Structures are given as C-alpha cells and as structure tokens.
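Commentary on secondary and tertiary structure
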Amino acid sequence: MVAIIQKLLPIFFVFFAAFAVKQSRILLPKHGEQLLKLAFFVTIPPLVFVSALRLQLSAHLSVFLVLPVVLALASFAVGRLALRGRALPPHKRAVLLSAPMAVNSGFALPFVLALFGSAGAARVVLFNAVNNPILFIWVYALVAAHHQPRAGQVAKRVLLSPPLWALALGLVGNALGLRLEHHVASALLGIGNLTSWLIIAGLGLLFAPKRDHFRGALYIAVVRIGLGLLVGTAVVFLWHLHGIDRAAVLLLAAAPVGFNLITFTAVEQADTALAASAVSYSLLFALVLAPFIVWLASA
C-alpha cells in the first residue's frame, strides 16, 4: 500500500494544488476547461496512437470493449427503477437518469499511467472506443429528453473526436505490423505523457463541491461509483482478470461522473446545478477510493 501511495502522491498533490490555486483566484474554472480541451485535442491523440500501435491484441482485452456497455445498461436500469413513479421536473429527471451513465474515463488515465505506463493507457483507450459513442449519443440524448436531440450535432462530436481517430489509426497500424522509429515514438510519448498532469490539474480547477442539490448529487455518485464497483468486480471474476487488467477495470468502473455532463445540461437547458454538484461529489469519492481500489486489485 505504501508503494502505491508513493506512486499516486504526485497526482493528489497536483489536484489539490490546482484546487488551491483556483480558491486563490489565480486561475479560474474556465482555465480547467481549457486544460482538459488541450489534453483532448493535443496530448491524448499521440498517447492513444502509440499505445494502440504497441498493444498486444488478445481476446481477453475484449473486456474493455464490453465494460462500458455493461456499466451503461446497469446504470440505466437502476435509474429507471429508482425514478419510477416519482413526480420530478423533466429537466431534473433527465440529469438523475443520465448522470450515472456518464463515465469519466479520463479520471482513470493518470492513475494507470503512473502505475503501468502506456500499457495501462491502452486499456483506457479501448474502453473509450465504446464509451465515447455511448456518452455522446445515448447520454446526450437522455439529457436532451425534454427537447429534441440534435442528431447531426451528436454525430459530429463522435466522428470528429481526435482520440477516436488516433485509436483507429493505431489499431490499423498494429494490424499491419507498423513500427515507429524509436525517436519518433519517444517524442510522441513525451507529448502524450503530459496528459496525466493536464487532466488532473484541470479536474482540480473544476472541482467545486457545494451543498446545493446534495441529496440528488449523492444518489448519482452512489449509483455511478457504488454500482460501478459491483459491476466491475463481477466482470473481474467472470473474466478471471489479474494485475493490470483487474486494476484498470476497477478504476474505470468506479470512475466519477464525466464533466461532459455539465456541457450537455448547459446546451439542453437541463439542471446544470445538479449536474455540477454530482460531478464534484463523485470526483471527491473517486479520489478517496482510488488508492484502495489499486491496492485491492494488486493484492
């Protein structure tokens, strides 16, 4: 456990340092959004490309393609059951149903990179290949349930995603046996390895726990993380996973609510305040649980 904490300590330091900087008003939440966008468009694609290119493809890795579907279906089923018969405003109901399905897989990336390097990142890349379409199509449509979903806008978000294209190119290159020169691969990974610090600093700047909507936010956090851990544990036992695969599955399954949800609710005029509270509280819970999840997965 001590060795795990030593590896993860820089992540927690950067997160809380960024939060302190925001509280001092040196930087603002909008700067956190810019850091996450910088990671999404600049540093994640080369990391994804090299990771996919080097990935040793095998049947057991299919679990990372199946996991996001199982998590989304389980969260949707529990949400429908929990909300059945409750008289709630449509804009609030949409968030309560969709939020537990919005998995912030980027949260797991700094942890798997710190512990397992690019091999861990490759697992997150595969998970995202399915999770991103679920997020931008199904979750977005649920948020927009009290409006008419903009199908063209959703399709554009998915198809123009740089990490998705980087994954496709990396997997094609992998299948063709393409190998990069050492200095080229090192340069790309040098850029990609900045991802951890951009993401964790961005999350620290965006972290804003408030008492508003606490009950709703707590429900969302429990379903997203608690149910996610149950599903992840079941998947680990069914697939007989160990080591890096077991740790990656559990970290992804217990990831917090994605920040995309706040964007979706703002665009579709749903309950943005509830979404923001859910994102922050689930992030806090996930940060507390992450070292224990890694320790248990490594036992």
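On a predicted model such as this, the values are computed, not experimentally measured, just so you know.

Observations concerning the side chain of Thr43
Mapping Thr43 onto the fold places it in helix H2 (residues 29-54). Take Thr43: its relative accessible area is 3%, and that puts it in the buried class. Each residue touching Thr43, except ones within four places of it in the same chain, is listed here: Leu38, Ile191, Gly192, Leu194, Thr195 and Leu198.

Description of the confidence of the model for the protein chain
Of the residues in the protein chain, 93% reach a pLDDT of 70 or more, and the chain-wide mean stands at 85. Within the protein chain, the element-level pLDDT minimum falls on helix H7 (residues 151-159), averaging 60, and the maximum on helix H3 (residues 63-83), averaging 95.

With respect to the side chain of Arg224
Looking at the secondary structure, you find Arg224 in helix H11 (residues 214-239). Of the buried charged residues, Arg224 lacks a salt bridge, with Asp245 as the closest side chain of opposite charge at 18 Å. Leaving out residues up to four positions away in the same chain, Arg224 has contacts with Leu71, Ala99, Pro100, Ala102, Val103, Leu252, Ala253, Ala254, Ala255, Pro256 and Val257.

Considerations on the environment of Trp295
Among the secondary structure elements, Trp295 is positioned in helix H14 (residues 272-298). According to the relative accessible area criterion, Trp295 is partly exposed, its value standing at 40%. As for Trp295 and Pro89, which are separated by 206 residues in sequence, their C-alpha atoms are 42 Å apart.

Thresholds applied
- Residue numbers restart at each chain and count upward from 1, following the sequence in its written direction.
- Side-chain atom pairs in this predicted model are given and counted only at pLDDT of 80 or more, local residue features only at pLDDT of at least 70, and totals for whole chains, interfaces and linings cover all residues.
- Processing note: side-chain calculations cover all non-hydrogen atoms of the structure and skip hydrogens and water entirely.
- Labels follow the DSSP assignment, with helices taken as runs of H or I lasting at least four residues and strands as runs of E lasting at least two, numbered in each case from the N terminus.
- Per-residue accessibility, obtained with a 1.4 Å probe over protein chains only, is compared with the maximum for each type, and a residue is labelled buried under 20%, exposed over 50%, and partly exposed between these values.
- Throughout, a contact is declared for two residues whenever any of their heavy atoms are within 4.5 Å.
- Values of pLDDT, ranging from 0 to 100, describe the predictor's confidence in every residue of the model.
- For the charge count, each Lys or Arg is scored as positive and each Asp or Glu as negative, with His and the chain ends excluded.
- Salt bridges are defined as contacts in which a side-chain nitrogen from Lys or Arg sits within 4 Å of a carboxyl oxygen from Asp or Glu.

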